[in-house]
Amino acid sequence: MTHTSSEEQNLPTPQQLETTPPLTEEGYARTFAVMADVTSEYDVMSGIADRFISDNKFREKPVKMLTVGAGRGKFEVQLVKELGLNLEYVCAIEPNMEQVKHLEVSLKSLEVEYDINTSFFDPQFRIEEEKPQKFDFILFCHSLYGFDDPHGSVLHATNFLAPGGKVLIFIQGGGATAAIFSYLVEKSDPAIFSPKKCIGDHSLTADEIISQLSKNSEHVSITTMSERCYEDVDDFVRKRPNVPTRDYKIDFSLQAEYGKLSEETRGVIFKMIVDNCDVVEGRYKWKHWCFGMVLSV
């Protein structure tokens, strides 16, 4: 395994990186699918969840699950099958209608009763009275980044826990993407990348969540675990024409709300991604930490 930088390879210069419009819901869903297909994170998260969910009651008794920001439901399906959860019902919250189309297919494959809620989850969120109100298992899988009040939303989720239930949270640990935002706030496009906006996105760190939860709640027990993940970004780095969405790694990392990016900004992001890669068997692998937390009340 070797480490490399963008200067050591014949890679695109910042001037060759195009300015692109903001991601639409369809574009976000498409880039999400690309990312999901090239990351080791699903396997890492399943392993962390297996260590967290050691209590066999989740495998023996019927389980109700609430998943917040379910995306396409890919991880939910993998988690249920690999952990052997005795799932009887799932409520999936996903406001992106393009994602919902695929989420429905995933949930049907579980062959259990399910509901899809397209509302945003926040401390004011409520479930319809005729639906299940308590859940054994609540999942936030990389969905907290865009929340205005992430710790408040997590604490609100504990109101939906059945006795003995658990809230399982996955976010990207502080690392490459957080560094990108810190750099951009100081060096590039300051009007677009204001600190206020950045805090609500992928610059969110596990330490911030834990700190805020600890300050605001005495009844929540927090256990944490982290593990290194790799994402195959070789097609993105080498700008191969078969990449389904142009510069998908940049577009996805920055989400949809930041508007057009200057070539300088895209160049900075591109370089930082490359500089956080290892080359494994001739392919660029972007390394980062997956951080898992389990909350009990």
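The structure contained in this document is the topic of the report that follows.

Rules behind the numbers
- Residues numbered from 1 in each chain as written.
- Predicted model: local features only at pLDDT ≥ 70, side-chain atom pairs only at ≥ 80, totals over all residues.
- Heavy atoms only, no water.
- Helix = DSSP H or I, 4+ residues; strand = E, 2+ residues; numbered from the N terminus.
- Salt bridge = Lys/Arg side-chain N within 4 Å of Asp/Glu carboxyl O.
- Buried < 20%, exposed > 50% of the residue type's maximum accessible area, 1.4 Å probe, protein only.
- Phe/Tyr/Trp six-rings, centres within 6.5 Å; stacked < 30°, edge-to-face > 60°.
- Axes fitted to C-alpha atoms, helices over the stretch in contact; angles between N-to-C directions.
- Parallel < 35°, antiparallel > 145°, perpendicular 65-115°, else oblique.
- Contact = heavy atoms within 4.5 Å.
- Nonpolar A, V, L, I, M, F, W, Y, C, P; charged D, E, K, R; others polar.
- Core = buried A, V, L, I, M, F, W, Y, C linked by side-chain atoms within 4.5 Å.

1. Digging into the environment of Glu218
- Of note, Glu218 is situated in the loop between helix 9 (206-216) and strand 7 (221-232).
- Sequence-wise, Glu218 and Val297 are 79 residues apart; in three dimensions their C-alpha atoms are separated by 9.3 Å.

2. Comments concerning the pattern of salt bridges
- A complete count under the given rule lists 9 salt bridges for this structure.
- Residue Lys101 pairs with Glu98 through a salt bridge whose shortest N-O separation is 3.2 Å. Highlighted residues: Lys101 and Glu98, both in helix 5 (residues 97-109), separated by 3 residues, approximately one helical turn.
- Since its relative accessible area comes to 22%, Glu98 is described here as partly exposed.
- In this structure, Asp115 engages Lys131 in a salt bridge whose closest nitrogen and oxygen atoms are separated by 3.2 Å. Of this pair, Asp115 sits in strand 4 (residues 113-117) while Lys131 sits in the loop between strand 4 and strand 5 (135-141), placing them 16 residues apart in sequence.
- In this structure, a network of salt bridges that share partners links the residues Asp232, Asp234, Arg283 and Lys285.

3. Quick word on the packing of aromatic side chains
- The tally for this structure, following the rule as stated, stands at 7 aromatic pairs.
- On the numbers, 6.0 Å between centres and 35 degrees between planes, the contact of Tyr42 with Phe75 is tilted. Here the residue Tyr42 occupies a position in helix 2 (residues 41-52), and Phe75 occupies one in helix 4 (residues 74-83), the gap between them amounting to 33 residues.
- Judged by its relative accessible area of 11%, Tyr42 is buried.
- Its relative accessible area of 2% is what places Phe75 among the buried residues.
- Taking the centre distance of 6.3 Å and the plane angle of 20 degrees together, the rings of Tyr89 and Phe135 count as stacked. Of this pair, Tyr89 sits in strand 3 (residues 87-93) while Phe135 sits in strand 5, and the two are 46 residues apart along the sequence.
- Residue classification places Phe135 among the buried positions, given a relative accessible area of 0%.
- Taken together, the ring pairs in this structure connect Phe121, Phe125, Phe140 and Phe160 into an aromatic cluster.

4. Some points on the packing of helix 1 (residues 25-38) against helix 5
- Packing of helix 1 against helix 5 leaves a shortest axis separation of 7 Å and a crossing angle of 45 degrees. In terms of axis orientation, helix 1 runs oblique to helix 5. Residues Glu25, Glu26, Tyr28, Ala29 and Phe32 of helix 1 form the contact with helix 5, whose participating residues are Met97, Glu98 and Gln99.
- Taken together, the residues of the contact of helix 1 with helix 5 break down into 4 nonpolar, 1 polar and 3 charged.

5. Details of helix 6 (residues 150-157)
- Along helix 6, 8 of the 8 residues are buried, which leaves the element largely enclosed by surrounding structure.
- Structurally, helix 6 contributes buried residues whose contacts are with strand 5, strand 6 (161-172), helix 9 and strand 9 (283-296).

6. Some remarks on the nonpolar core
- Phe75, Leu87, Phe137, Leu168 and Phe170 are the most contacted members of the largest nonpolar core, which totals 35 residues.
- In terms of residue count, the dominant contributor to this core is helix 2 (6 residues).
- Ignoring anything within four residues of it in the chain, the contact list for Phe137 reads Ile53, Val63, Lys64, Met65, Leu66, Leu79, Leu85, Lys166 and Leu168.
- Counting 29 residues, the second-largest nonpolar core is a separate cluster that includes Tyr89, Leu144, Ile171 and Val220.

7. A closer look at the side chain of Thr158
- One can find Thr158 in the loop between helix 6 and strand 6.
- Residue classification places Thr158 among the buried positions, given a relative accessible area of 8%.
- Apart from the residues within four sequence positions on either side, Thr158 is in contact with Val167, His219, Val220 and Val297.

8. Side note on helix 4
- For helix 4, the buried fraction is high: 7 of the 10 residues fall into the buried class.
- Taken together, the buried positions of helix 4 are occupied by Phe75, Glu76, Val77, Gln78, Leu79, Val80 and Leu83.
- Of the residues trailing helix 4, Gly84 is marked for its positive phi of about 65 degrees.

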